[in-house]
Amino acid sequence: LTGDWSSDVCSSDLLPEVLIAHSICAQTIRQPGVMMVDDLRVDTRFADNPLVADAPNLRFYAGTALLTAEGLPLGTLCVYDVEPRHLTESKRAALTALARQVVSQLELRRALYDQQQALRDLNEGLERRVAERTQEMLRINELLQVEMRERENAEEALRHAQKMDAIGQLTGGIAHDFNNMLTGVLGALELIQRRVAAGRVGEIDRYIDAAMTSANRAASLTHRLLAFARRQSLSPKNPAHIREPHS
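Residues numbered from 1 in each chain as written. Predicted model: local features only at pLDDT ≥ 70, side-chain atom pairs only at ≥ 80, totals over all residues. Heavy atoms only, no water.

**Student:** Would you take a moment to explain the pairing of strand 5 (residues 73-81) for this structure?
**Tutor:** Regular strands show a simple pattern: their side chains alternate between the two faces of the sheet. The pairing of strand 4 (residues 60-67) with strand 5 spans eight bridges and is antiparallel. Counterpart to T64 in the pairing with strand 5 is L77. The turn joining strand 4 and strand 5, which pair antiparallel and follow one another in sequence, is formed by five residues; a positive phi near 85° is taken by G71. (Pairing = 2+ DSSP bridges. Helix = DSSP H or I, 4+ residues; strand = E, 2+ residues; numbered from the N terminus.)

**Student:** So what exactly am I meant to see when it comes to the nonpolar core here?
**Tutor:** Nonpolar side chains tend toward joint burial in soluble globular proteins. Membership of the largest hydrophobic core is limited to eleven residues, which are I24, C25, M35, V37, L40, F46, L51, V52, L58, Y61 and C78. For this core, the secondary-structure elements that each account for two or more residues are strand 3 (34-37) and helix 2 (50-53). Within the second largest apolar cluster, ten residues are counted, among which are F60, L77, L87 and L95. (Core = buried A, V, L, I, M, F, W, Y, C linked by side-chain atoms within 4.5 Å. Buried < 20%, exposed > 50% of the residue type's maximum accessible area, 1.4 Å probe, protein only.)

**Student:** Sorry, what's going on with helix 3 (residues 89-197) here?
**Tutor:** What sets the pattern is the α-helix's 3.6 residues per turn: residues three or four places apart point alike. Relative to the 162 Å expected for 109 residues at 1.5 Å per residue, helix 3 spans 158 Å between its end C-alpha atoms, a close match to the ideal helical length. L95, A99, V102, V103, G125, I174, M181, V185, A188, I192 and R195 are the residues of helix 3 that are buried. Two residues or fewer after helix 3 comes G199, characterised by a positive phi angle close to 75°. (Expected span 1.5 Å × (residues − 1).)

**Student:** I keep staring at unusual backbone geometry and nothing clicks. Help me out?
**Tutor:** Glycine aside, the phi torsion of most residues is negative, and most peptide linkages are trans. Cis geometry marks the peptide bond from A55 to P56, where omega comes out at 15°. Along the polypeptide, P56 turns up in the loop between helix 2 and strand 4. A positive phi angle, close to 55°, is found at N57, a residue other than glycine. Examined against the element boundaries, N57 turns out to sit in the loop between helix 2 and strand 4.

**Student:** Can you help me understand the pairing of strand 4 in this one?
**Tutor:** Among the eight residues of strand 4, seven are classified as buried, and the element is accordingly described as predominantly covered. Summarising the sheet, strand 3 and strand 4 pair through four bridges and their orientation is antiparallel. Opposite V34, over in strand 4, you have T64 as the bridge partner.

By themselves, these observations are geometric and do not establish any function.
As structure tokens, this is what we get:
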């Protein structure tokens, strides 16, 4: 029974859907067991029913309520005919058993529907969780990419700082070495100047040799620096030729 309309469980071309006020099954669902009417014309409840007085001119009816295990009515299962007749006890028992089978099938279908709905809900939940987890993983991956770039930048900055520190130390060492060499050259030239001013030119040879030694060391260091800058081999070469002193 749905709304104001009644529909037979078994399909039939004889009885269409009818208003519940004209439904014989509306009486069946209100009482326990099988309701059987051998001739509907002689039953005051149904004699004026349009289904009895007019087409399809029903005469016989037997039906029973479809009840769940909790006693809730789902509808009715009925048989009818256009001729009066009577059901034996065994046939009424068969109708009752068939009604139980119908209820079992309906409950099974309902349980199957509930399981399918639960499965759909589960799948939707899983899909939603997968989508959320995917978004979370993408966000974490983006954060990792940013962190990796920041780490690479920090490492590059550290390498640059270390390189500049090494260049500073190298430059300081080179400057110190050149200063020592220039000191030797300048000191020797100053002593030569003094000896020449004093007329003691015979003593200047050893100062010239000292100046040449310092100059040659400076030339050798310069050659090594140039070779390093050009990534050339440091094969031994003669330093810059400086005029040999005359004896």
